[in-house]
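# A structural walkthrough
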Amino acid sequence: MSHNFEVVDSTLLVDAPVIALRRDEVLMPGGRVASREVVENLGAVAVVAVDENERVAMVYQYRRPLGTRLWELPAGLLDIKGEDELTGAKRELQEEAGLQAKRWEVLSDIATSPGFSEEAVRIFLARDLSMVDKLHDTGDEEQDMTFAWVDLDEAVNRVLAGEIVNSIACVGILATYAVLRGGRATRSTDVPFPLRPTSMAKRRPGPDLKKK
């Protein structure tokens, strides 16, 4: 069976800088129309930057929804209108880690919370690293962000021990382990990213999509 879940009506409930909330009226199998709330998001990119010693570049950042600091990958929103994913990833890696890379590959595309949010993230693998000056960063939490190199085996152990819990970091670290130790294939940075959200980008003029 293949049902077309047609949206017959949609209402924007909240329109905040980083997220928005809408209510879709969706035609269900059997003909009933049901309400579904959707958290809109700009989409994001993340980077597993691995050096010649198989250490992963990680950041320790405060996250208000959980009220604690988390170990994460360098990452950020796709909040510049028209910016492609690879350009965004390069910007975030330099901004948060002071690194640039000569070799880029796609590790994974993930939907972080598909039960209620359209957020999707493209995770890149970056190699052949070199240090560069960090880009100027104006984010509030970033003022408290710290950086560390974590051995890949140790990072995997910390994922399994529940010490690294950010879902993007977990997928990125385990995927990197599968590539470097298991010989799994990556993808070209040219492959399309069909999951990238478009709702907020279409509604906002840009260039800064966080501004309505």
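Residues numbered from 1 in each chain as written. Predicted model: local features only at pLDDT ≥ 70, side-chain atom pairs only at ≥ 80, totals over all residues. Heavy atoms only, no water.

### Brief notes about helix α2 (residues 152-160)
All of the buried residues in α2 are L152, A155, V156, R158 and V159. End-on, the buried residues of α2 take up no more than an arc of 160 degrees, which puts them together on one face. For α2, the elements touching its buried residues are β5 (55-63), β6 (68-72), β10 (146-151) and α3 (167-182). Its side-chain oxygen 3.1 Å from the backbone nitrogen of D153, D151 forms the N-cap of α2. Two residues or fewer after α2 comes G162, characterised by a positive phi angle close to 80 degrees. (Buried < 20%, exposed > 50% of the residue type's maximum accessible area, 1.4 Å probe, protein only. Helix = DSSP H or I, 4+ residues; strand = E, 2+ residues; numbered from the N terminus. Arc of directions from axis to C-beta. Contact = heavy atoms within 4.5 Å. Polar contact = N/O pair within 3.5 Å; in protein donor to acceptor, adjacent residues only side chain to side chain.)

### Examining the packing of aromatic side chains
Taken as a whole and assessed by the stated rule, the structure comprises three aromatic pairs. Taken together, a centroid distance of 6.0 Å and an interplanar angle of 80 degrees make the contact between W104 and F124 edge-to-face. With W104 in strand β8 (residues 99-111) and F124 in strand β9 (residues 120-131), the pair connects residues that are 20 residues apart, well separated along the chain. Accessibility assignment for this pair places W104 and F124 in one class, buried. (Phe/Tyr/Trp six-rings, centres within 6.5 Å; stacked < 30°, edge-to-face > 60°.)

### Thoughts on the pattern of salt bridges
Pairing of side chains with opposite charge becomes possible as their charged atoms draw close. Scanning all chains against the criterion turns up 23 salt bridges. A salt bridge links D15 to R203, with the nearest nitrogen and oxygen atoms 3.4 Å apart. Highlighted residues: D15 in strand β1 (residues 7-15) and R203 in helix α4 (residues 199-203), separated in sequence by 188 residues. On the basis of relative accessibility, which here comes to 24%, the residue D15 falls in the partly exposed class. Between R55 and D51 there is a salt bridge, with its nearest N and O atoms 2.7 Å apart. With a relative accessible area of 31%, R55 lands in the partly exposed category. (Salt bridge = Lys/Arg side-chain N within 4 Å of Asp/Glu carboxyl O.)

### Some thoughts on the nonpolar core
Ranked by internal contacts, the top residues of the largest apolar core, which has 25 residues, are V48, M58, I123, I164 and I173. Elements represented by at least two residues in this core include exactly β4 (44-49), β5, β8, β9, α2 and α3. Here the element with the most residues in this core is α3; it accounts for six residues. Not counting chain neighbours up to four residues away, the residues in contact with I173 comprise V48, M58, L152, A155, V156, V159 and I164. Counting residues in each nonpolar core, the second largest holds 17 residues, with V47, A89, W104 and F124 among its members. (Core = buried A, V, L, I, M, F, W, Y, C linked by side-chain atoms within 4.5 Å.)

### Some details on the domain arrangement of the protein
What the domain assignment lists for the protein is domain 1 (6-40) and domain 2 (43-200). If you average the C-alpha positions of domain 1 and of domain 2, the two centres end up 29 Å apart. Facing the 10 residues of domain 1 at the interface are six residues of domain 2. Counting the surface lost from both domain 1 and domain 2, the interface buries some 570 Å², and carbon and sulfur atoms represent 61% of this. Of all residues in domain 1, V18, V39 and E40 bury the most surface against domain 2, accounting for 67% of the area lost on that side. If you look at where domain 1 meets domain 2, you find one salt bridge. Viewed at the interface, domain 2 and domain 1 are joined by four residue pairs in polar contact (both at pLDDT 80 or more). Broken down by secondary-structure element, the contributors of at least two residues to the side of domain 1 that touches domain 2 are β2 (19-27) and β3 (33-41). (Domains from an automatic or database assignment. Buried area = accessible area lost by both parts, 1.4 Å probe.)

### What to know about the sheet that holds β5
What links the strands of a sheet is backbone hydrogen bonding, and the strands pair in either a parallel or an antiparallel sense. A sheet is described by the order of its strands in space; here three strands give the open sequence β6-β5-β10, paired in antiparallel fashion. In the strand order of this sheet, the two ends are held by β6 and β10, each with one partner. Pairs of neighbouring strands in the sheet enclose a mean axial angle of 30 degrees, with direction left out of account. In terms of strand pairing, β5 meets β6 through five bridges, oriented antiparallel. Among the inter-strand pairings, Y60 is bridged to a residue of β6, identified as W71. (Pairing = 2+ DSSP bridges. Axes fitted to C-alpha atoms, helices over the stretch in contact; angles between N-to-C directions.)

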